[in-house]
Amino acid sequence: MSAGTYTPRPGAAPLPRMIAAQTALETRMLLRNGEQLLLTVIIPTLLLVLFSAVDIVDTGSGASVDFLAPGILALAVMSTAFTGQAIATGFERRYGVLKRLGASPLPRWALMTAKTLSVLVTEVLQIVLLTAIAFALGWSPQGNPLSVLLLLVLGTAAFSGLGLLMAGTLKAEATLAAANLVFLLLLVGGGVIVPLEKFPDAMQSVLGLLPVSALSEGLRDVLQHGAPMPWAQAGILAVWAVLGLGAAAKFFRWE
């Protein structure tokens, strides 16, 4: 046995390893939470199957699933990046988890990076599942996958910023109520299931500026109609991302 074999080596682990470990922890916690799983997986799946199989809403010409699948993908992004992240982070803040993690060797920006990476991992699992179900229902997507990827990234950034802003400024109970209320309102009025054309003209212009509307309509333009990159919707998402992330960075309270 050589000298120094069991000599302690105090100090923090390399930063990439810390971020990877925190990302894995955040992902496991999210997937083990029954309420979060209901919100992020079960509800979008049920909506996709139900409204594709039953002619409840007039989605125009073509198969219903071709209209619904892009909107449900947008809903999945919103449920994870906004609703789920806002509620989980809000209660972590209330219980002092964020305060303690903020005092650990893991920098605060790295903690937020790990949370964002966890959201992305969860979204990948959601998209794979929902895409498989949509194909089984007869979905025939079109368009450029790179355009879809850019829209999903911009949507994730926009919803993540808004979710962190809510979690970092409101009390946990208020975040729980507000996040679920916003989820329901945007589900109905965000062009996810009900086409924006069904709303009055005055409302369409306002609803079209919402992040979930921009994401669902942008994905629909690409995946249903085979359009090139919808820059108008991408621009709306980029503005929401900059405003949300900027406000979250400025006003987020760790205690």
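Everything numeric here is computed off the predicted structure, so don't read it as measured data.

So, about the overall build of the protein chain. Broken down by element type, the protein chain carries ten helices and zero strands. Going residue by residue from the N terminus, the α and β elements of the protein chain occur as α-α-α-α-α-α-α-α-α-α. For the protein chain, whose C-alpha radius of gyration is 20 Å, the value lies close to the compact-globule estimate of 18 Å for 255 residues. With respect to the three principal axes, the spread of C-alpha positions in the protein chain is 75 × 40 × 35 Å. Expressed as a percentage of the 255 residues in the protein chain, the buried residues total 47%. Across the protein chain, contacts joining residues at least 24 apart in sequence account for 81% of those joining residues at least 6 apart. As presented, the protein chain carries roughly 12600 Å² of accessible surface, and 70% of it is formed by carbon and sulfur atoms. Both charge centroids of the protein chain, one from 15 positive and one from 13 negative side chains, sit 20 Å from each other.

Because an α-helix packs 3.6 residues into every turn, residues spaced three or four apart end up facing the same way. Its 13 residues give helix 9 (residues 211–223) an end-to-end C-alpha distance of 18 Å, which sits within 8% of 18 Å, the value for a rise of 1.5 Å per residue. Counted residue by residue, helix 9 has twelve buried out of 13 residues, so it is predominantly covered. Listing the buried residues of helix 9 in full gives Pro 211, Val 212, Ser 213, Ala 214, Leu 215, Ser 216, Glu 217, Gly 218, Leu 219, Arg 220, Val 222 and Leu 223. Of the surrounding secondary structure, the elements contacted by the buried residues of helix 9 are helix 3 (64–94), helix 6 (145–169), helix 7 (172–189), helix 8 (201–207) and helix 10 (231–251).

For the rest of this paragraph, the subject is a nonpolar patch on the surface. Together, Leu 31, Val 121 and Leu 125 make up an exposed nonpolar region whose accessible area comes to about 230 Å². Note that Val 121 resides in helix 5 (residues 108–136). For Val 121, a relative accessible area of 37% translates into the label partly exposed.

Scanning all chains against the criterion turns up three salt bridges. With a closest N to O distance of 2.4 Å, Glu 173 and Arg 94 form a salt bridge. With Glu 173 in helix 7 and Arg 94 in helix 3, the pair connects residues that are 79 residues apart, well separated along the chain. Among the salt bridges present, the one from Glu 217 reaches Arg 220, with a minimum N-O distance of 2.9 Å. With Glu 217 and Arg 220 both in helix 9 and three residues apart, this pair spans about one turn of that helix. Judged by relative accessible area, which is 15%, Glu 217 ranks as buried. Classification of Arg 220 by relative accessible area gives buried; the value is 3%.

A few words now on the environment of Arg 100. Mapped onto the elements of the fold, Arg 100 is located in helix 4 (residues 97–102). We classify Arg 100 as exposed; its relative accessible area is 62%. A sequence separation of 155 residues divides Arg 100 from Glu 255, and the C-alpha atoms of the two residues are 9.8 Å apart.

This brings us to the packing of helix 3 against helix 6. Axis separation between helix 3 and helix 6 bottoms out at 8 Å; the angle between their running directions is 25°. Looking at the two axes, helix 3 sits roughly parallel to helix 6. Classified by chirality, the crossing of helix 6 by helix 3 is right-handed. Contact with helix 3, carried on its side by Val 77, Met 78, Ala 81, Phe 82, Gln 85, Ala 86, Thr 89, Gly 90 and Arg 93, involves Leu 152, Gly 155, Thr 156, Phe 159, Ser 160, Leu 162, Gly 163, Leu 164, Met 166, Ala 167, Gly 168 and Thr 169 of helix 6 and no other residues of that element. Tallied by class, residues from the contact of helix 3 with helix 6 come to eleven nonpolar, nine polar and one charged.

With that out of the way, let us pick up the packing of aromatic side chains. Where two aromatic rings form a pair, the distance of their centres and the angle of their planes describe that pair. Under the counting rule described, the total for this entry stands at two aromatic pairs. With a centroid separation of 5.6 Å and an interplanar angle of 40°, the aromatic rings of Phe 135 and Trp 139 are classed as tilted. One Lys or Arg, Arg 220, reaches over the ring of Phe 67 and ends 3.8 Å from the middle of that ring.

Secondary-structure assignment places Thr 175 in helix 7. Filtering out sequence-adjacent residues up to four positions away, Thr 175 remains in contact with Ala 86, Ile 87, Met 166, Ala 167 and Leu 170.

We now examine the confidence of the model for the protein chain. When the pLDDT values of the protein chain are averaged, the result is 86; 93% of them are 70 or greater. Ranking the helices and strands of the protein chain by mean pLDDT puts helix 9 first, with 94, and helix 4 last, with 76.

The rules behind each value
Residues numbered from 1 in each chain as written. Predicted model: local features only at pLDDT ≥ 70, side-chain atom pairs only at ≥ 80, totals over all residues. Heavy atoms only, no water. Helix = DSSP H or I, 4+ residues; strand = E, 2+ residues; numbered from the N terminus. Rg over C-alpha atoms; globule rule 2.2 N^0.38 Å. Buried < 20%, exposed > 50% of the residue type's maximum accessible area, 1.4 Å probe, protein only. Contact = heavy atoms within 4.5 Å. Areas by Shrake-Rupley, 256 points an atom, 1.4 Å probe, with all protein chains shown as cover. Lys, Arg positive; Asp, Glu negative; His and termini not counted. Charge placed at Lys NZ, Arg CZ, Asp CG, Glu CD. Expected span 1.5 Å × (residues − 1). Patch = residues over 30% accessible without salt bridge, like charges linked within 9 Å, V, L, I, M, F, W, Y side chains within 5 Å. Salt bridge = Lys/Arg side-chain N within 4 Å of Asp/Glu carboxyl O. Axes fitted to C-alpha atoms, helices over the stretch in contact; angles between N-to-C directions. Parallel < 35°, antiparallel > 145°, perpendicular 65-115°, else oblique. Left-handed = near helix turned anticlockwise from the far one by under 90°. Nonpolar A, V, L, I, M, F, W, Y, C, P; charged D, E, K, R; others polar. Phe/Tyr/Trp six-rings, centres within 6.5 Å; stacked < 30°, edge-to-face > 60°. Lys NZ or Arg CZ within 6 Å of the ring centre and 35° of its normal. pLDDT = per-residue confidence, 0-100.

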